[in-house]
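Understanding the architecture of this molecule
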Amino acid sequence: MGGGGVYAGEPRGKAWVGRGGGAGGGNDIQWCFSQVKGAVDDDVAEADIISTVEFNHSGELLATGDKGGRVVIFQQEQENKIQSHSRGEYNVYSTFQSHEPEFDYLKSLEIEEKINKIRWLPQKNAAQFLLSTNDKTIKLWKISERDKRPEGYNLKEEDGRYRDPTTVTTLRVPVFRPMDLMVEASPRRIFANAHTYHINSISINSDYETYLSADDLRINLWHLEITDRSFNIVDIKPANMEELTEVITAAEFHPNSCNTFVYSSSKGTIRLCDMRASALCDRHSKLFEEPEDPSNRSFFSEIISSISDVKFSHSGRYMMTRDYLSVKIWDLNMENRPVETYQVHEYLRSKLCSLYENDCIFDKFECCWNGSDSVVMTGSYNNFFRMFDRNTKRDITLEASRENNKPRTVLKPRKVCASGKRKKDEISVDSLDFNKKILHTAWHPKENIIAVATTNNLYIFQDKVN
Amino acid sequence: LFNQFPNLASEMEDKVTSPEKAEEAKLKARYPHLGQKPGGSDFLRKRLQKGQKYFDSGDYNMAKAKMKNKQLPTATPDKTEVTGDHIPTPQDLPQRKPSLVASKLAG
């Protein structure tokens, strides 16, 4: 489980060595501010609330989705070989309205345009493709570049007006001439009407032909080319809704095995399913659950055990889950308990009553792996985010704040004082701002570059390059 | 030690309550009826009902006719709870338009 070397069971020839192999916590990596995107003002319009962040497979593109249904894609500029002290900056590449608000009159249901998830397809040709989804509809977007345009038509003027054919005396062959780069986004497929409940996850299969979409009670399998049909592969809806005890909270395909996927529940369990076993995967192949001490059970136990995110490691050997207070790493070969547990903000356990009253206890934090699976990251409150180094067992708390925004300024670690005497530079639990939550973070697939979303701003941090 | 002093055991238990149980006690003190409703989980049902907005034109017009000159009951501040008494009005259902403004992340 080292930072380098080949993991067992993983495709031959691939070695997980890389710049991301170093530790993320403690003294090994120094994180520096790189960029911040978004408005400075405190008055946040609801549409500007960031709802998802995702790097593409090469890390060159970074997509965000927001509550207003808009997608913004940033592109990393080519590294300047002369200015080698920093990696390329991310600049706006394309932006478009992915989803619009709808009203289902038949069911009296308001359908939010908020983008719940974005997932990139691996690049196969010059164009880029991504899937974006709101609560009900998934869309496949094609993002393509146009840097040439045809000129010299015989029947049209340059401005588009048609010429009088009788004035044409000679013929010419139109040619392509360079033009200013234009990036166009167009919806190529719309996958609609397959979900009664709210979609929380989409995940592209390693076969790059199919993908799954999961809502509270069902998971569907789609083919990327086919929009009028999808197969239901998981259905946990009880015959009598009064008996409902559990909902699906997240789902993901295994990165290498195209027949395997997992889904997590509001009761803190994860089920691994094999699509070869049967058409309807209601019976899991594996059930991952940590036994709970019944004497510790409280009103809050189930709520805080609800898993808000599940992510496979790049190697495919592990998966990570996020519940309200912790991050857990599971070995796919061991179902009865996680192999590692990291406390994100244990000091909140004695604040659960107020967190329930202000609804914060229902906040859904995501988590992510670094490229070599040696470090994991997740967000917290007060615009803090946490990293855990699996090798050194060190962890670090950093803050996304405009106060630290001089490029290449190393971020200072933060510490929360749970009780007792507060040391200088520590912040007490009661001073934490619970409106400043970092729910969405993403790690570049190869480099130590991270994207951290606060409510309406996107921060990009890099490790110190020297 | 606890066999010799049985009272000590229960005293210690009270003091060493887990923080979670202490928070639970606080919550139950403020909301004594919490968790007593039958039939499945409240949280789950609320989650599944997100986005539900009821407007029945029949109810609305009948209520208007009954009330004559009086005011219709307006929406309670907590609009997530739809009860029989609350007659949504067209004003309660805001027009949903897409944001025509570009994202500030792109600005």
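Since the structure is predicted, the reported quantities are computational estimates derived from the model, not experimental observations.

Bringing helix α2 (residues 19-30) of chain B into the picture now. Residue pairs spaced three or four apart in an α-helix point in one direction, given the helix's 3.6 residues per turn. Residues and elements named next belong to chain B. The end-to-end C-alpha separation of α2 is 17 Å, in line with the 16 Å expected for twelve residues at 1.5 Å each. Buried within α2 we find Glu20, Glu23, Glu24 and Leu27. Each buried residue of α2 sits inside an arc of 105° when the element is viewed along its axis, so together they form one side.

A word on the sheet that holds strand β22 (residues 326-331) of chain A. All names here are of chain A. Spatially, the four strands line up as an open sheet ordered β20-β21-β22-β23, and their pairing is antiparallel. Two strands bound the open sheet, and with one partner strand each, they are β20 (309-312) and β23 (340-343). Strand-to-strand twist across the sheet, computed as the mean angle between neighbouring axes with direction ignored, equals 15°.

Residues and elements named next belong to chain A. Evaluated as defined, the whole model comprises 22 aromatic pairs over all chains. Aromatic pair Phe33 and Tyr459: ring centres 6.5 Å apart, planes at 75°, arrangement edge-to-face. Of the two residues, Phe33 sits in strand β1 (residues 31-37) while Tyr459 sits in strand β32 (residues 458-463), which places them 426 residues apart along the sequence. Neither residue differs from the other here; Phe33 and Tyr459 are each classed as buried. Between Phe96 and Trp141 the ring centres are 4.4 Å apart and the planes differ by 35°, which places this aromatic pair in the tilted class. Taken as a pair, Phe96 in strand β5 (residues 90-97) and Trp141 in strand β10 (residues 138-151) lie far apart in primary sequence, 45 residues in all. Site record: aromatic cluster; members linked through ring pairs are Phe33, Phe385, Tyr459 and Phe461. Just above the ring of Tyr153 sits the side chain of Lys156; from NZ or CZ to the centre is 5.1 Å.

Attention now moves to the pairing of strand β12 (residues 201-204) of chain A. All names here are of chain A. With burial as the criterion, each face of β12 is covered, one bearing Ser201 and Ser203 and the other bearing Ile202 and Ile204. Sheet topology places β12 next to strand β13 (residues 210-214); four bridges connect them, and they run antiparallel. Within β13, the residue paired with Ser201 across the bridge is Ala214. Linkage of β12 to β13, two consecutive antiparallel strands, is achieved through a turn of five residues, within which Tyr208 is found at a positive phi near 60°.

Our focus in this paragraph is the interface of chain A and chain B. If you look at the interface, chain A gives 62 residues, while chain B gives 34 residues. Each partner contributes to the roughly 4000 Å² buried at the junction of chain A and chain B, and carbon and sulfur atoms together form 56% of this total. Looking at the side of chain A facing chain B, the largest losses of area belong to A:Glu110, A:Phe299 and A:Cys353, adding up to 15% of the total buried there. Where chain A packs against chain B, one counts seven salt bridges. A salt bridge links A:Glu112 to B:Lys50, with the shortest nitrogen-to-oxygen separation between them at 3.4 Å. Across the chain A-chain B interface, the total number found is 16 residue pairs in polar contact (both at pLDDT 80 or more). Only β3 (61-66), β4 (70-76), β5, β7 (109-111), β16 (248-253), α1 (301-305) and α2 (352-357) of chain A provide two or more residues apiece to the side of chain A that touches chain B. When grouped by side-chain class, the residues that make up the side of chain A that touches chain B number 25 nonpolar, 19 polar and 18 charged.

Quick look at the side chain of A:Asn382 now. Structurally, A:Asn382 is set in the loop between β25 (375-379) and β26 (384-389). You can call A:Asn382 buried: its relative accessible area is 9%.

The next thing to look at is the side chain of A:His198. Locating A:His198 in the fold gives a position in the loop between β11 (175-191) and β12. From its side chain, A:His198 meets the backbone oxygen of B:Lys50 in a polar contact 3.2 Å long. Not counting residues within four places of it along the chain, the set of residues in contact with A:His198 comprises A:Asp135, A:Lys136, A:Ala214, A:Asp215, A:Asp216, B:Arg47, B:Leu48 and B:Lys50.

Residue and element names in this part refer to chain B. Mean pLDDT for chain B: 67, with 42% of residues reaching 70 or above. Element-level pLDDT for chain B is lowest in helix α1 (residues 6-15), with a mean of 50, against a maximum mean of 90 in α2. A low-confidence stretch, residues 11-15 (pLDDT under 50), is modelled with one contact involving residues beyond four sequence positions or located in other chains. Within the model, pLDDT remains below 50 along residues 79-83, and this stretch shows two contacts once partners closer than five positions in the same chain are excluded.

Calculation rules
Here the residue numbering is sequential within each chain, running from 1 through the sequence in written order. Think of it this way: whatever chain is written first is A, whatever ligand is written first is 1, and the rest follow in order. Local features in this predicted model are restricted to residues of pLDDT 70 or higher, and side-chain atom pairs are both shown and tallied only at a pLDDT of 80 or more, whereas totals for entire chains, interfaces and linings draw on every residue. Remark: hydrogens and water are excluded; side-chain values derive from all non-hydrogen atoms of the structure. Only DSSP runs of H or I with at least four residues qualify as helices, and only runs of E with at least two residues qualify as strands; both kinds are numbered from the N terminus onward. Given the number of residues in a helix, its expected span is that number minus one, multiplied by 1.5 Å. Here's how the labels work: a residue is buried when its accessible area is under 20% of the maximum for its type, exposed when over 50%, partly exposed in between, all with a 1.4 Å probe on protein chains only. What the arc describes is the spread of directions from the helix axis to the C-beta atoms. Two strands are said to pair when DSSP picks up at least two bridges between them. Axis definition: a line fit to C-alpha positions, over the contact stretch in the case of helices; interaxial angles, taken between N-to-C directions, run 0 to 180 degrees. Side-chain rings of Phe, Tyr and Trp (the six-membered ring for Trp) are treated as a pair once their centres are within 6.5 Å; stacked means planes under 30 degrees apart, edge-to-face means over 60, and tilted covers the remaining angles. Any Lys NZ or Arg CZ that is within 6 Å of a ring centre and within 35 degrees of that ring's normal is treated as a charge sitting over the ring. Any two residues whose heavy atoms approach within 4.5 Å at even a single point are treated as in contact. Values labelled buried area give the accessible surface lost by two parts on being combined, using a 1.4 Å probe and summing over both. Should a side-chain nitrogen of Lys or Arg be within 4 Å of a carboxyl oxygen of Asp or Glu, the pair is scored as a salt bridge. Two N or O atoms form a polar contact when they lie within 3.5 Å of each other; inside protein one atom must be a possible hydrogen donor and the other a possible acceptor, and for residues adjacent in sequence the pair counts only when both atoms belong to side chains. Residues are grouped as follows: Ala, Val, Leu, Ile, Met, Phe, Trp, Tyr, Cys and Pro are nonpolar; Asp, Glu, Lys and Arg are charged; all remaining types, including Gly, are polar. As a per-residue measure, pLDDT reflects the predictor's confidence and takes values from 0 up to 100.

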